[in-house]
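So the chains spell out like this:
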Amino acid sequence: MGFLTGKRALIVGLASDRSIAFGICEAMRREGADIAITYVGERFRERVIELAAKVDSTLVYDMDVSSDDSIANTFSALGTQWDSLDILVHSVAFAPREALTGGYTAATSREAFRVAHDISSYSLTAIARAAQPLMQGRQGAIVTMTYLGAVKSIPSYNVMGVAKASLEASVRFLAADLGPTGTRVNAISAGPIKTLAAAGIPGFRKMLGHVAAVNPLRRNVTQDDVGNAAAFLCSDLAAGITGEVLYVDGGYSSVGMSFAGSDES
Ligand code: NAD
Ligand code: 0WE
């Protein structure tokens, strides 16, 4: 029997079969969870319905996390299907493209800063609050996706790094606030993975190559690696873990210096 048998999971942030959110759906379904999914934008609808079917889900909602109305509508629709929720996955990030190009100082307009923080950070708190009525008293878990740029500078990651720092701080405050109601809150800091959010980032292939050359596992992580870690964190196996950032990065963040390749001579 899977370790998520009998749990209900809402996964926010599916765009394609390469989305980290899809790896999380597959791992959670394999472990027995029932899945509901949100996406944003009419043009993704058919594709997401097909992906949902692969994890035996028919509960698919269009939810824009920058809109309180959209969030409220989604949770009220979900509430007509499910009378409780055990797992909430937040796998959403956005900054205007021009903010992820060039140097931080020049690229970071007030508007780009606002949008990046609204969609990539505040949205976690917004959906956690909307989910509360369904989640409280259930030994539930919330997990969000972050990146090393929250704690170290990374070329071109720019304002997204600042927003991820805010997201990681939100995890700690949500964990403190929701712990007494039974809900744990954690983040996974994933190594770089080729997804839609990575498409068109100049030099992304080079970053993948660098990471695989120097990290302890000498490979990039996959959506499955992240999905399995998320399934664990949201299961009762992780009942003692909250307010934590779990690195699923092949050990990259643990290395102070490393020679490229496996030959250290
Ligand atoms: P992805 O493009 O598949 O997923 C990003 C999702 O954000 C999409 O589904 C998109 O629709 C959604 N989104 C954007 N604006 C939204 C809005 N206003 N309302 C609702 N949804 C919105 O890419 P991904 O790489 O799977 O990204 C998922 C998460 O993983 C992000 O938080 C990202 O920062 C994080 N992450 C990605 C990597 C990587 O290298 N791919 C590494 C570490 C962390
Ligand atoms: O969080 C991310 C990317 C999130 C993202 C991606 C885009 C591309 C399209 C947010 N907003 C946008 N806006 C767009 O218009 N990652 C962890 C992947 C990523 O993105 C980088 C990286 C890595 C890793 C950007 C620069 C440097 C490294």
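Above: the structure in question.
Anyway, here's the lowdown on the structure attached to this text. (Residues numbered from 1 in each chain as written. Chains lettered and ligands numbered in written order. Predicted model: local features only at pLDDT ≥ 70, side-chain atom pairs only at ≥ 80, totals over all residues. Heavy atoms only, no water.)

## Looking at the site of ligand 2
Taken together, Phe94, Ala95, Arg97, Leu100, Tyr147, Pro155, Ser156, Tyr157, Ala197, Ile201, Phe204 and Met207 make up the full set of residues near ligand 2. In the environment of ligand 2, a nitrogen atom lies 2.7 Å from a nitrogen or oxygen atom belonging to the backbone of Ala95. Its residues assigned to classes, the shell around ligand 2 shows 10 nonpolar, one polar and one charged. (Near = heavy atom within 4 Å. Polar contact = N/O pair within 3.5 Å; in protein donor to acceptor, adjacent residues only side chain to side chain. Nonpolar A, V, L, I, M, F, W, Y, C, P; charged D, E, K, R; others polar.)

## Let's talk about the nonpolar core
Ranked by internal contacts, the top residues of the largest apolar core, which has 38 residues, are Ile11, Met28, Ile35 and Ile188. With seven residues, the top contributor of residues to this core is helix α1 (residues 20-30). Not counting residues within four places of it along the chain, the set of residues in contact with Ile188 comprises Val143, Thr144, Met145, Thr146, Val226, Ala229, Ala230, Leu233, Leu246 and Val248. One finds Ile71, Phe75, Ile127 and Ala131 within the second-largest nonpolar core, a separate group that totals 32 residues. (Core = buried A, V, L, I, M, F, W, Y, C linked by side-chain atoms within 4.5 Å. Buried < 20%, exposed > 50% of the residue type's maximum accessible area, 1.4 Å probe, protein only. Helix = DSSP H or I, 4+ residues; strand = E, 2+ residues; numbered from the N terminus. Contact = heavy atoms within 4.5 Å.)

## Observations concerning the site of ligand 1
Looking at ligand 1, there are 26 residues lining it, with Ser19, Ile20, Lys164, Ile193 and Thr195 nearest. Between ligand 1 and the protein, one listed contact pairs an oxygen atom with a backbone N or O atom of Gly13 at 3.0 Å. Contact distances for ligand 1 include 2.9 Å between a nitrogen atom and a backbone N or O atom of Val65. In isolation ligand 1 offers 820 Å² of accessible surface; the protein chains occlude 90% of this area. When each cavity is represented as a set of grid points, ligand 1 is found to reside in the largest pocket. Its residues assigned to classes, the shell around ligand 1 comprises 18 nonpolar, six polar and two charged. (Areas by Shrake-Rupley, 256 points an atom, 1.4 Å probe, with all protein chains shown as cover. 1 Å grid on protein atoms, 1.4 Å probe; cavity = no way out; pocket = protein on both sides within 12 Å on 5 of 7 lines; lining within 4 Å. Sits in = over half its atoms within 2 Å of the grid points.)

## Some points on helix α3 (residues 68-81)
Along an α-helix, residues three or four positions apart point the same way, because every turn accommodates 3.6 residues. Taking 1.5 Å of rise per residue, 14 residues should cover 20 Å, and α3 covers 21 Å from first to last C-alpha, within 8% of that figure. Taken as a whole, α3 has its buried residues at Ser70, Ile71, Thr74, Phe75 and Leu78. Seen along its axis, α3 keeps its buried residues to an arc of 125 degrees; they face one direction. More than 90 degrees from the buried face of α3, the exposed residues found are Asp68, Asp69, Asn73 and Thr80. As for α3, its buried residues are in contact with β1 (8-12), β2 (34-39), β3 (59-62), β4 (87-90) and α5 (110-135). (Expected span 1.5 Å × (residues − 1). Arc of directions from axis to C-beta.)

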